[in-house]
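Structural overview
The primary structure of each chain is shown beneath.
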Amino acid sequence: MKTQTAFQNILNENLSLLGMSENQIELSGENGKIKPGSNKETDDGGLHYLNFEYRQVLVIENMPMASLALLTLLAHKFVNDLEDRHNLDETEIEWSEHTIGESLDIEITFGVREPVNLVPVENSPIEFAGKKWGFENGEVLNA
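Residues numbered from 1 in each chain as written. Predicted model: local features only at pLDDT ≥ 70, side-chain atom pairs only at ≥ 80, totals over all residues. Heavy atoms only, no water.

1. What about the environment of L74?
As a reminder, the rule being used: Helix and strand assignments follow DSSP, with helices taken as H or I runs no shorter than four residues and strands as E runs no shorter than two, numbered in order from the N terminus. Whether two residues touch is decided by their heavy atoms; if any such pair falls within 4.5 Å, the residues are in contact.
Looking at the secondary structure, you find L74 in helix α3 (residues 68-80). Leave out the neighbours within four places in its chain, and L74 touches I10, N14 and L18.

Here's what the structure looks like:
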């Protein structure tokens with residue numbers, strides 16, 4: 001899932017500014033849905049076959065309270081830079097004190113839509129408009 005990988009990278013790049021380590025962060029997806037694509041060929045000769053929609057969940061344990069503002073800015077910018085956010089869950093944040101006056105447990109969620117584009121291949125069970133379609137170079141929903 002490209003979005004989850006990209007979000008993980010942004011967080012990892014800013015761990016020192018956030019005063020955290022990688023083992024405090026957990027990223028997962030939930031409520032996944034497979035929705036039809038446009039079934040139209042893309043500008044690069046691919047086929048927009050489907051959209052994978054899900055809710056991205058970020059859980060952080062024991063984050064320094066002082067890092068909350070930076071974390072919300074990073075999450076807001078990341079989500080705003082995503083394409084095609086029409087009818088997706090907005091960004092939500094929940095927090096609770098982990099250590100009174102010092103740290104928080106955080107959960108941030110937002111909706112994601114990842115288009116799945118296929119390319120012409122020689123052998124595939126997916127046929128559309130007289131062509132067989134599959135993933136380029138074995139790519140599945142990875143970055």
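Text resumes after the structure shown.
2. Observations concerning unusual backbone geometry
Phi is positive for N31, which is not a glycine, with a value near 55°. Relative to the helices and strands, N31 resides in strand β1 (residues 25-36).

3. Here's the deal with the packing of aromatic side chains
Put simply, the test is: Two rings belonging to Phe, Tyr or Trp (six-membered ring only in the last case) form a pair when the distance between their centres is within 6.5 Å. Interplanar angles under 30 degrees mark stacking, angles over 60 mark edge-to-face geometry, and anything in between is tilted. Categorising residues by exposure relies on relative accessible area from a 1.4 Å probe, with only protein chains included: less than 20% of the type maximum marks a residue as buried, more than 50% marks it as exposed, and the intermediate range marks it as partly exposed.
Under the defined criterion, the tally for this structure stands at 4 aromatic pairs. Plain terms: the ring middles of F7 and F110 are 5.3 Å apart, the flat faces sit at 85° to each other, and that makes the pair edge-to-face. Of this pair, F7 sits in helix α1 (residues 2-13) while F110 sits in strand β4 (residues 103-120), and the two are 103 residues apart along the sequence. Each member of the pair F7 and F110 is classed as buried. Taken together, F7, F78 and F110 form an aromatic cluster joined through their ring pairs.

4. Let's talk about α3
Rules: To estimate the expected span of a helix, count its residues, drop one, and scale the result by 1.5 Å. By definition, the arc is the one covered by directions from the helix axis to the C-beta atoms.
With 13 residues, α3 should cover 18 Å at 1.5 Å per step; its first-to-last C-alpha distance of 18 Å lies within 8% of that length. Listing the buried residues of α3 in full gives L71, L74, A75, F78 and V79. Looking straight down α3, one finds its buried side chains confined to an arc of 125°; they lie on one side. Along α3, the residues that are exposed and aim more than 90 degrees away from the buried face are A69, L73, K77 and N80. For α3, the secondary structure elements touched by its buried residues are α1, α2 (15-18), β2 (47-64) and β4.

5. Structural notes on a negative patch on the surface
This is how the line gets drawn: Candidates for patches are residues over 30% relative accessible area with no salt bridge; among them, like charges are joined within 9 Å and nonpolar side chains (Val, Leu, Ile, Met, Phe, Trp, Tyr) within 5 Å. To measure how exposed things are, a 1.4 Å probe is used in the Shrake-Rupley method; for residues, cover is taken only from the protein chains shown. By definition here, a salt bridge exists when the distance from a side-chain nitrogen of Lys or Arg to a carboxyl oxygen of Asp or Glu is within 4 Å. Positive charges are assigned to Lys and Arg, negative charges to Asp and Glu, while His and the chain termini are left out of the count. A charge is said to be at NZ when it belongs to Lys, at CZ for Arg, at CG for Asp and at CD for Glu.
There is a patch of like negative charges on the surface, built from D89, E90, E92, E94 and E107. You can see E107 is positioned in strand β4. Residue classification places E107 among the partly exposed residues on the basis of a relative accessible area of 32%.

6. Brief notes about the pairing of strand β3 (residues 92-99)
Note the following rule: In this analysis, strands are considered paired if DSSP registers two or more bridges between them.
Examined bridge by bridge, β3 and β4 share 7 bridges and lie antiparallel to one another. In the sheet register, E94 faces β4, and the bridge partner there is E107. Count of turn residues in the β3/β4 antiparallel hairpin: 3 residues, of which G101 carries a positive phi of about 80°.

7. Concerning the environment of D89
Mapping D89 onto the fold places it in the loop between α3 and β3. In this structure, the C-alpha to C-alpha distance between D89 and L73, residues 16 residues apart in sequence, is 18 Å. If we skip the residues at most four places from it in the chain, D89 touches R55, F110 and G111.

8. Here we look at the pattern of salt bridges
Applying the stated criterion across every chain yields a total of 7 salt bridges. One salt bridge in this structure joins E41 and K131, with 3.3 Å as the shortest N-O distance. In this pair, E41 sits in the loop between β1 and β2 while K131 sits in strand β6 (residues 131-134), placing the two residues 90 residues apart along the sequence. Take K131: its relative accessible area is 33%, and that puts it in the partly exposed class. A salt bridge links K132 to E127, with the shortest nitrogen-to-oxygen separation between them at 3.4 Å. On the accessibility criterion, E127 (54% relative accessible area) is exposed. Salt bridges sharing common partners tie together K35, E53, D84 and R113.

None of the figures reported here should be taken as evidence of function without further support.
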